[in-house]
Amino acid sequence: MEKEENKPSEAIVEVITGGPLRISGNFILKDLKRGDESTPGEIWLCRCGKSSNKPYCDGSHRNK
Amino acid sequence: MEKNMSLSDDREYTNGEITVYWKPGACVHASYCYRELIEVFDPSRRPWVDMKGASTMKIIETVNMCPTEALTWKWNDEGKNEDVGSDQYNHVKFRRPELMEKPSSASAGTPVSVKVMNDGPIIIKGNFNLKYGDIEKEIKDSLISICRCGRSEHQPFCDGTHRKKGFIG
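Keep in mind it's a predicted model, so treat the numbers as computed, not measured.

Peer 1: Explanation requested: the pairing of strand β2 (residues 18–22) of chain B in the structure shown.
Peer 2: Taken residue by residue, a regular strand's side chains alternate between the two faces of the sheet. Residues and elements named next belong to chain B. For β2, the buried fraction is high: 5 of the 5 residues fall into the buried class. Of the two faces of β2, the one holding I18, V20 and W22 and the one holding T19 and Y21 are both buried throughout. Relative to β2, strand β1 (residues 11–14) runs antiparallel, the two sharing 4 bridges. Directly across from T14, in β2, lies its bridge partner T19. Two successive antiparallel strands, β1 and β2, enclose a turn made up of 3 residues, where G16 displays a positive phi of approximately 95°.

Laid out in structure tokens, this is it:
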């Protein structure tokens, strides 16, 4: 019966207009393409399809 | 500590759909439960609650008659508990809110799953806050699919366009 101070929402997923997807908080990232699994705490994922460091944003959306 | 002591006498019973909580210390023997629904609440049986004895709706109706917090109930699907109205007298959120906060099943405390699909979208599953534009939404035990190819017509969500365009990444 240990009560934890957990809120129902522990992760925030933010779609940045004209930019990447920011995810922060308590989440597990699984990259099925590259076979990676991690708990980074905060990431910016590419949404434009142009990054050369996928799945992460590398700022390429600005050069479209 | 005191709370833990009193909780230790408690029992809970589930039929997969709802959980009924029994707090013996609170019972004043008003006997609505077994007069109304002996098939479920039979004090002469052990365990005295048989969740298979009646339909979920009938059990809820009977639990709501209990004049104390001895019998309370909630949906196992945590999301449904949000919408329960105050006419449901003995729902735990009105009678025993401490049971609402208890991390249960796959809700609080479970990390959100973020999957980068092979040449496809980002699938995010669990409980989280979603922000886009001016919108902020709480997503509960559900999933969303975010476009990664930049071509979806339903931004920011995936609409399957990546397949047509042969997205690789």
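Peer 1: What's the story with the layout of surface pockets in this structure? I'm lost.
Peer 2: Empty space among the atoms can be located by rolling a probe the size of a water molecule over them. Residues and elements named next belong to chain B. By volume, the second largest pocket amounts to about 290 Å³. Lining of the second largest pocket is provided by 18 residues; of these, W22, C27, H29, C33 and W48 occupy positions nearest its centre. At 3 residues, the largest contribution of residues to the lining of the second largest pocket is made by helix α2 (residues 32–36).

Peer 1: What is the right way to look at the interface of chain A and chain B in this model?
Peer 2: Reports of interface size often rely on the accessible area that becomes lost once the parts have come together. Taken together, the contact between chain A and chain B spans 32 residues of the former and 40 residues of the latter. Interface area, chain A with chain B, both sides summed: about 3,000 Å², of which 59% is carbon and sulfur. Summed over the shared surface of chain A and chain B, the number is 1 salt bridge. For the salt bridge of B:D119 with A:K33, the shortest nitrogen-to-oxygen distance reads 2.5 Å. Inspection of the chain A/chain B interface yields 13 residue pairs in polar contact (both at pLDDT 80 or more). Those elements that place two or more of their residues in the side of chain A that touches chain B are β1 (11–15), β2 (21–25) and β3 (27–31) of chain A. Sheet analysis places β1(A) next to strand β5 (residues 122–132) of chain B, joined by 4 bridges and oriented parallel. What sits directly across from A:I12, in β5(B), is B:N129.

Peer 1: Explanation requested: the nonpolar core in the structure shown.
Peer 2: Nonpolar side chains in soluble globular proteins tend to be buried together. All names here are of chain B. Ranked by internal contacts, the top residues of the largest apolar core, which has 21 residues, are I18, V20, F41, W48, I59, L71 and W73. Only β2, α3 (56–63) and β3 (71–75) provide two or more residues apiece to this core. Those residues within four positions of I59 in sequence are excluded, and the remaining contacts are N15, I18, V20, L37, V40, F41, M51 and A54.

Criteria and cut-off values
Residues numbered from 1 in each chain as written. Chains lettered and ligands numbered in written order. Predicted model: local features only at pLDDT ≥ 70, side-chain atom pairs only at ≥ 80, totals over all residues. Heavy atoms only, no water. Buried < 20%, exposed > 50% of the residue type's maximum accessible area, 1.4 Å probe, protein only. Helix = DSSP H or I, 4+ residues; strand = E, 2+ residues; numbered from the N terminus. Pairing = 2+ DSSP bridges. 1 Å grid on protein atoms, 1.4 Å probe; cavity = no way out; pocket = protein on both sides within 12 Å on 5 of 7 lines; lining within 4 Å. Points joined across faces, edges and corners; volume = space filled by probe spheres on them. Contact = heavy atoms within 4.5 Å. Buried area = accessible area lost by both parts, 1.4 Å probe. Salt bridge = Lys/Arg side-chain N within 4 Å of Asp/Glu carboxyl O. Polar contact = N/O pair within 3.5 Å; in protein donor to acceptor, adjacent residues only side chain to side chain. Core = buried A, V, L, I, M, F, W, Y, C linked by side-chain atoms within 4.5 Å.

By themselves these figures say nothing about function.
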